[in-house]
Structures are given as C-alpha cells and as structure tokens.
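# Notes for the structure review
The residues making up each chain are set out below.
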Amino acid sequence: MKLTKFCAFSTAILAASLAFADAANVCITFHTKGPDCYADGTPAVEKEWYALVWLAPGAEFGGVTTQLEAVSADNEVMLVAPLATGGENSCCPLVMWQIDSAKAKEEGSYTVVMLDTRGSDGKAAASTSDGKPKVVYASASTEASVAATKKGSSVAVATSSETTGATVTKSTGSVGAEKPQITAFEIVGGNAVIEVSGMVPGLTYKVMSGSELGKLKTSEFEVSKSSGQVIVPADEAKFFSIKGE
Amino acid sequence: MKAFTFFSVAFAAGFAMAAVTSDATFGVLKVDSDAAETVICVPWEAAGGGNVAVVDLVKTTDLTKGSDEAGTGGDVLLLYRPSESKYYGWALNNAGTWVGVAIVTGKGTSTAGTTQTLARGDALIIRRSNTSPSIYLYGQYNATAATAPTLTAGAWHLIAPPSTSGADLSLNSMTWNNVDGNDYIYLQSTSTGNRIKITRNKNGDKPNSMWVYRNWNGTETTDLASVKAGQGFWYVSTGATTPTVSF
C-alpha cells in the first residue's frame, strides 16, 4: 500500500500522483477542511492522529480502542497516521491512499476519524514501532466520509463539511495511558482536599471513594483541570482514589 | 511538495476498554482522642509513598493551636525512640504548624523534633490541650504488611497496630511469643476511655496465653483486652525473655 500526503490542495499534483496508480489498486483521497477540534474546543495539536475507518452500510462510527480495534463489529480501522497540521485551522491535509483492490471495500463508506492522544504535556502521542499511537484517549468522526468502492483506478475524494469539530464519542484507558497521581491530600473541616497531577486533556477525572478497599464507587465530584484540585466530603468515606474516563 | 510516506494499517487483538485510575489510594482514619494523652498509630504513608513526616501525619481542624509561634498551650506530639531512650516533641503553634519543642516527659525533657519520619507500624503520642472527640490520620495506603516492632527484654515499648479498618483490635488476635507472665500493657479502655492495665491471665479457665483485664475482685475478661481503632498501647516487658508481636 502506498500513501501520499500533500501539504496543499493541488489538482496538478493530484493528477501526477494518479499517474502512479496501479490499475489493480483503488485510490482513496481524503482530507478535512478544519478546524478539527477536541471536545474541549481546542484545535488539534500538530501531528495528532487521524484514522480512516470503514463503516458497514447503515452503520455509525462506534469509537476505537487504544489498540485501534473498532469498538463496533460493523466498523473497521483501515489506516492511522499522525497527520494534523496544528494551528488555529488544524485539519487533516490532503492524503491519497492506494489500496489493493482485493482489500478495498465495495460497500459502506470510509470516514475520517480524529483521535485524542494528548498526554499531560499537551502533545500528541508518539508512535509505536508498528506505526500506531502509543495511547488513545478518545476518538470522534469528523463527518468527512465517502462511499467505499472496489472500482479499479477511480479516485474517491472525501470532502469535509463546513466545520469538522470532533466530539468525543468514546474514551479509553490502556497500557501506556498516563495515570492520574494524587500529589497532596488533606482533611479540612470534614472535607478531603485532593490535588491531582498527570491529567490528560481528553479525559474527565472524578473521585472514587468508599469505606472498603476494592469497593470504591465513582462520585460526582470532578477534579478541576485548571487547579488540579477537588474537594469532597470525607465524613463517610475512608478511602479515596482518582479515576479518569 | 509531495512526500511518500508509508503507514501501517492497524490490525490488532481485541482490548477491553477501561478507565485510568490513580495508582495510589488515600485513606482517612478517625481516632478517638478524648483523653488527655493518646497513643496513635501510623497506618499510612506519605503522598508518593515512603515514610510520613511526623508533622504531616496529624493535621485536622479539631486540634488546639498554641497562643504563639512556639506553640505555647497547643496540642503536643511526642515520638519515643527506644534506641535513643528519649522523646522528640512538637507543639502546634498559632499558625497551625507543628514546631519542635522541648517538653517534660517521663524520661526527662524531650528533644525538639525536626524532620523525623514515621514508618507504618510506628507509634506516636498526642497530648491534647482541649480534647475533642476525635482526630484524623490520613495519607497514602500501602497494601504490604508493615514491619513488626522490635521489642527489648525488660523495657517499655510504644506499640500501635497500623490497622486501617477503623475497628477496635483485640490484643489476643495478634501473634505474641516469648511473653513473660508478668508482662503487662497499658491502654485506653474501649468501654470507658480510661487508662487500664491488661495482664496475662492467671485464672485456670483460660489458656495461659491470653491478655485479660482483671477487675477488683479478680474476675478476668478478654473483652477489654482490645485497642481502640487507630490507637496504640504501652507494652512493659518485665522478664529476661525478648517478646515478639506481629499483627
């Protein structure tokens, strides 16, 4: 398979690339118009990961796991790459992907999915040795999609809608995912004042508490991302931890 | 500009999704402190793990602050180091900070405490200027067993089981060895809150290895041979044998 990435729209370059297309391959070209944003409204950071996901006829995107397996049985992750341009109009640049016709889908559609792999440093996840992001916290369809086809050398171009904001549909935890750390803990006036670090932008962190270890329940008390602090009543609970999801 | 870049297609094994949870769990233990002097345990570690500083173990709004920077009239913490045969002392000053002080104790005047730390299984004494029903001990939980205290024949020892259950703990549920029949324990009664003496049973209706409270007419009961949740006790070794205890 070959993938070609363009830094700017160019019909001439597209035409030149088509000249390299093998008659037995299907070419899929996709991009997003941008700005593609995370659920918190910030534009995708540079080199944020995008995935091209195939959806069965009538299916909706159901999210991906950290190992980039589709959550829904009628989805399939075809391609993943760190493509986001970054900046105010962060988007997925024009990408052309040649796929063997034997592996191309003949029905359903392909959709461009943006992942949220930001760590506590605000940067997109690094790549593993086999070309996948080390961790995925969330994913969302950008609404840029195109019908799948097995037709020979024809080109399918995915166009984006006016604004392709990504809204979190699934959040994941995994091996390699950063865990929140409790850095300070104090009882003040019957309340537990907890300070937390190591939070990533794509997850929401809440206090788990209870009187027995192993039986802690998630409360509605959310850690403030700005202060890294949360205050919870300590009258009943004896044990506390932090959960991000 | 164009560039040819090859990317992998992800074909991966299934993975069960799970939220991310902090490695550490923190805990709070409520300890009765309505006596003028209470032996308290060290059930937790510091944030991030490891021994907790004496000044960080007990921090609650129920404590009595001193009238000045030196902690005059405030609550007091005493740490007994048997290897040094002396106490270290701290007082809670007007700013709510534990400051090192020299305090009169049963072994003379204490040394002003500084950065001494406590391991789980250690014991500490708190003297209250104005008693409140309880104080709170809190810190990071560690599931591994705490180190058992090392006892010396013929010496006094401060012992505090580092239980986090919040329940009173029977002395007879602990594992004791090489206990001299004349050894005894001072602890705060789980019934009255008064200081009582616990001894080895003498009556033949129990095995000669039970801790009991013997009342004025010689009646022995094991019911009061219990340590209040979060508290500790004085163990007095009277014989030549070196006793051991584990929790």
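Computed from a prediction, not measured in an experiment: that's the story for all the values here.

How each quantity is defined
Residues numbered from 1 in each chain as written. Chains lettered and ligands numbered in written order. Predicted model: local features only at pLDDT ≥ 70, side-chain atom pairs only at ≥ 80, totals over all residues. Helix = DSSP H or I, 4+ residues; strand = E, 2+ residues; numbered from the N terminus. Rg over C-alpha atoms; globule rule 2.2 N^0.38 Å. Contact = placed C-beta atoms within 7 Å. Domains from an automatic or database assignment. Nonpolar A, V, L, I, M, F, W, Y, C, P; charged D, E, K, R; others polar. pLDDT = per-residue confidence, 0-100. Buried ≥ 20, exposed ≤ 12 C-beta atoms within 10 Å, placed from the backbone. Core = buried A, V, L, I, M, F, W, Y, C linked by C-beta atoms within 7 Å. Pairing = 2+ DSSP bridges. Axes fitted to C-alpha atoms, helices over the stretch in contact; angles between N-to-C directions.

### Here's the deal with the overall build of chain B
Counting its regular elements, chain B contains 1 helix and 24 strands. What you see for chain B is a C-alpha radius of gyration of 23 Å, clearly larger than the 18 Å of a compact globule of 247 residues, by over 25%. Judged by the C-alpha coordinates and their principal axes, chain B covers about 100 × 50 × 35 Å. Excluding contacts between residues fewer than 6 apart, the proportion of contacts in chain B whose partners are at least 24 apart in sequence is 69%.

### Section: the domain arrangement of chain B
All names here are of chain B. For chain B, the assigned domains are domain 1 (24-145) and domain 2 (148-247). Once you take the C-alpha centre of each, domain 1 and domain 2 turn out to be 23 Å apart. Listed by partner, the interface residues are 20 residues for domain 1 and 21 residues for domain 2. If you list the elements that add at least two residues to the side of domain 1 that touches domain 2, you get strand S3 (26-32) and strand S4 (37-41). Looking at which element gives the most residues to the side of domain 1 that touches domain 2, the answer is S3, with 5 residues. Looking at the side of domain 1 that touches domain 2 residue by residue, the class counts come to 13 nonpolar, 3 polar and 4 charged.

### Section: the confidence of the model for chain A
Of all residues in chain A, 78% have pLDDT values of 70 or greater, and the mean over the chain is 77. Throughout residues 1-22 of chain A the model reports pLDDT below 50, and contacts reaching past four residues in sequence, or to other chains, amount to 37 contacts.

### Comments concerning the environment of Tyr184(B)
All names here are of chain B. By the element assignment, Tyr 184 lies in strand S18 (residues 184-188). Judged by local crowding, Tyr 184 falls into the partly exposed class, with 15 C-beta atoms found within 10 Å. Separated by 157 residues in sequence, Tyr 184 and Gly 27 place their C-alpha atoms 32 Å apart. Residues within four places of Tyr 184 in sequence aside, it is in contact with Lys 197, Ile 198, Thr 199 and Val 236.

### Digging into the domain arrangement of chain A
Buried accessible area, meaning the area lost when the parts come together, often serves as the stated size of an interface. When cut into domains, chain A gives domain 1 (2-171) and domain 2 (181-244). Each partner contributes residues to the interface: domain 1 of chain A has 11 residues there, and domain 2 of chain A has 6 residues.

### What about the nonpolar core?
Core analysis: the biggest nonpolar cluster contains 120 residues, and Tyr50(A), Ala51(A), Val53(A), Val113(A), Leu77(B), Leu124(B) and Leu137(B) have the highest contact counts within it. Broken down by element, this core gets its largest block of residues, 7 residues, from strand S3 (residues 49-55) of chain A. Among all residues touching Val53(A), those that are not within four sequence positions of it are Phe61(A), Ala70(A), Asn75(A), Glu76(A), Val77(A), Met78(A), Tyr110(A), Thr111(A) and Val113(A).

### As for the sheet that holds strand S10 (residues 181-188) of chain A
The pairing of strands in a sheet comes from backbone hydrogen bonds and takes either a parallel or an antiparallel form. All names here are of chain A. Across the sheet, which stays open at both edges, the 3 strands sit in the order S10-S11-S14 with antiparallel pairing between neighbours. A strand with exactly one partner marks an edge of an open sheet, and here the two such strands are S10 and strand S14 (229-233). In this sheet, adjacent strand axes meet at a mean angle of 20° when their direction is disregarded. Taken together, the 7 bridges between S10 and strand S11 (residues 191-197) define a ladder with antiparallel strand orientation. When the bridges of S11 are listed, Phe 185 appears paired with Ile 194.

### Observations concerning the pairing of strand S13 (residues 123-127) of chain B
Residues and elements named next belong to chain B. In terms of residue burial, S13 counts as a mostly covered element, since 4 of its 5 residues are buried. As paired elements, S4 and S13 share 5 bridges and run antiparallel to each other. In the strand pairing of S13, Glu 37 is matched with Arg 127.

### Describing the confidence of the model for chain B
Predicted confidence across chain B gives a mean pLDDT of 84, with 90% of residues reaching 70 or more. Across the interface, the model reports ipTM at 0.77; the global pTM reads 0.72.

### Quick look at the sheet that holds S18(B)
Residues and elements named next belong to chain B. Read across the sheet, 6 strands follow the order S15-S23-S18-S19-S20-S21 without closing on themselves; strand pairing throughout is antiparallel. Either end of the sheet is taken by a strand with one partner, and the two such strands are strand S15 (156-159) and strand S21 (220-221). Bridge count for strand S20 (residues 211-214) against S21 is 2 bridges, and the pairing is antiparallel. Within S21, the residue paired with Arg 214 across the bridge is Glu 220.

### Thoughts on unusual backbone geometry
All names here are of chain B. For Ser 85, which is not a glycine, the phi torsion comes out positive at approximately 55°. Within the secondary structure, Ser 85 is located in the loop between strand S6 (76-81) and strand S7 (86-92). With phi around 60°, Asn 178 is a residue other than glycine that occupies positive phi space.

### Considering the environment of Asp100(A)
Topologically, Asp100(A) is positioned in strand S5 (residues 95-100). Separated by 136 residues in sequence, Asp100(A) and Glu236(A) have C-alpha atoms that sit 61 Å apart.

### Digging into the pairing of strand S14 (residues 134-140) of chain B
Residues and elements named next belong to chain B. Buried residues dominate S14, accounting for 5 of its 7 residues. As paired strands, S3 and S14 are joined by 7 bridges and run antiparallel to one another. The partner of Gly 27 across the bridge, within S14, is Gly 139.

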